[in-house]
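A closer look at the structure
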Amino acid sequence: MAMDTTEAPQIIEHIIKNLDYTPYETRWLPLSPRLVVLGVSPSNRGVIAVHGMSGGAAPELCRFDHKHGVRSGTFGASRLEDRELAFGDFGGRLSICDLERGPVAGDDGALYSVQAHDGVVNAVDGFGGSTVSCGAPELATAGRDGCVRIWDPRCAA
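Residues numbered from 1 in each chain as written. Predicted model: local features only at pLDDT ≥ 70, side-chain atom pairs only at ≥ 80, totals over all residues. Heavy atoms only, no water.

**Considering the environment of Gly88**
Residue placement: Gly88 occurs in strand β6 (residues 84-89). C-alpha separation for the pair Gly88 and Val114, spaced 26 residues apart in sequence, amounts to 9.9 Å. If near-sequence neighbours (up to four positions away) are discounted, Gly88 is found in contact with Val70, Arg71, Ser72, Arg93, Val121 and Val124. (Helix = DSSP H or I, 4+ residues; strand = E, 2+ residues; numbered from the N terminus. Contact = heavy atoms within 4.5 Å.)

Here it is as structure tokens:
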């Protein structure tokens with residue numbers, strides 16, 4: 001029996017944005033119509049770019065450079081109003097930056113940074129911190145070194 005495709009769910013491309021770097025991860029900025037794109041430039045520098053949504057386009061609103069290519073990221077361990085991005089890079093570091101305030105003092109403008117793995121941080125995920133009932137913020141990283149690690153960003157490294 002043939003499926004009636006008029007009833008099937010559809011995925012429709014809304015916006016296409018050409019970039020001058022290789023993107024590895026996209027994340028919606030919590031509670032906003034903005035998108036964060038993480039990647040690496042042709043010169044092997046990391047890129048964290050924030051794009052808005054306006055009139056069928058996705059203009060770049062701001063861009064932060066990072067010492068190493070940026071592989072993955074999450075807002076999962078951040079309170080929604082803080083919008084702190086935790087990300088892993090090609091140098092093995094786990095860092096947290098505040099996208100609303102921009103770079104601050106610290107390693108590459110990060111609020112928190114630690115050598116997390118020997119080699120690329122392939123994945124980062126987080127939980128907690130969003131509401132009172134979620135518990136303490138925690139981050140999980142997976143690295144090219146074959147390890148999975150759990151982090152509490154409230155503790156000094």
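**Quick look at the nonpolar core**
By size, the foremost hydrophobic cluster in this structure holds 12 residues: Leu29, Val36, Leu38, Ile48, Val50, Phe64, Val70, Phe75, Leu85, Phe87, Cys97 and Leu99. Looking at this core, the elements that each hand over two or more residues are β2 (35-40), β3 (46-51) and β6. Membership of the second largest hydrophobic core comes to 11 residues, among which are Ala77, Leu94, Leu139 and Trp151. (Core = buried A, V, L, I, M, F, W, Y, C linked by side-chain atoms within 4.5 Å. Buried < 20%, exposed > 50% of the residue type's maximum accessible area, 1.4 Å probe, protein only.)

**Remarks on the pairing of β3**
Across the 6 residues of β3, 6 count as buried, placing the element largely inside the fold. Every second residue of β3 is oriented toward a common face, with Gly46, Ile48 and Val50 on one face and Val47, Ala49 and His51 on the other, all of them buried. With 6 bridges connecting them, β2 and β3 associate as antiparallel partners. Each residue of the ladder has a partner; that of Gly39, found in β3, is Val47. What sits between the antiparallel neighbours β2 and β3 is a turn of 5 residues, in which Asn44 has the positive phi angle 65°. Where β3 lies against strand β4 (residues 60-66), 6 bridges are found, and the strand directions are antiparallel. Bridge pairing links Val50 to Cys62 in β4. (Pairing = 2+ DSSP bridges.)

**Brief notes about the packing of aromatic side chains**
Counting across every chain of the model gives 1 aromatic pair. Centre to centre, the rings of Tyr24 and Phe90 are 5.5 Å apart; their planes meet at 55°, and the pair counts as tilted. You can see Tyr24 sitting in strand β1 (residues 22-28) and its partner Phe90 sitting in the loop between β6 and β7 (93-98), a full 66 residues away along the chain. (Phe/Tyr/Trp six-rings, centres within 6.5 Å; stacked < 30°, edge-to-face > 60°.)

All quantities given are derived from atomic positions and should not be read as evidence of function.
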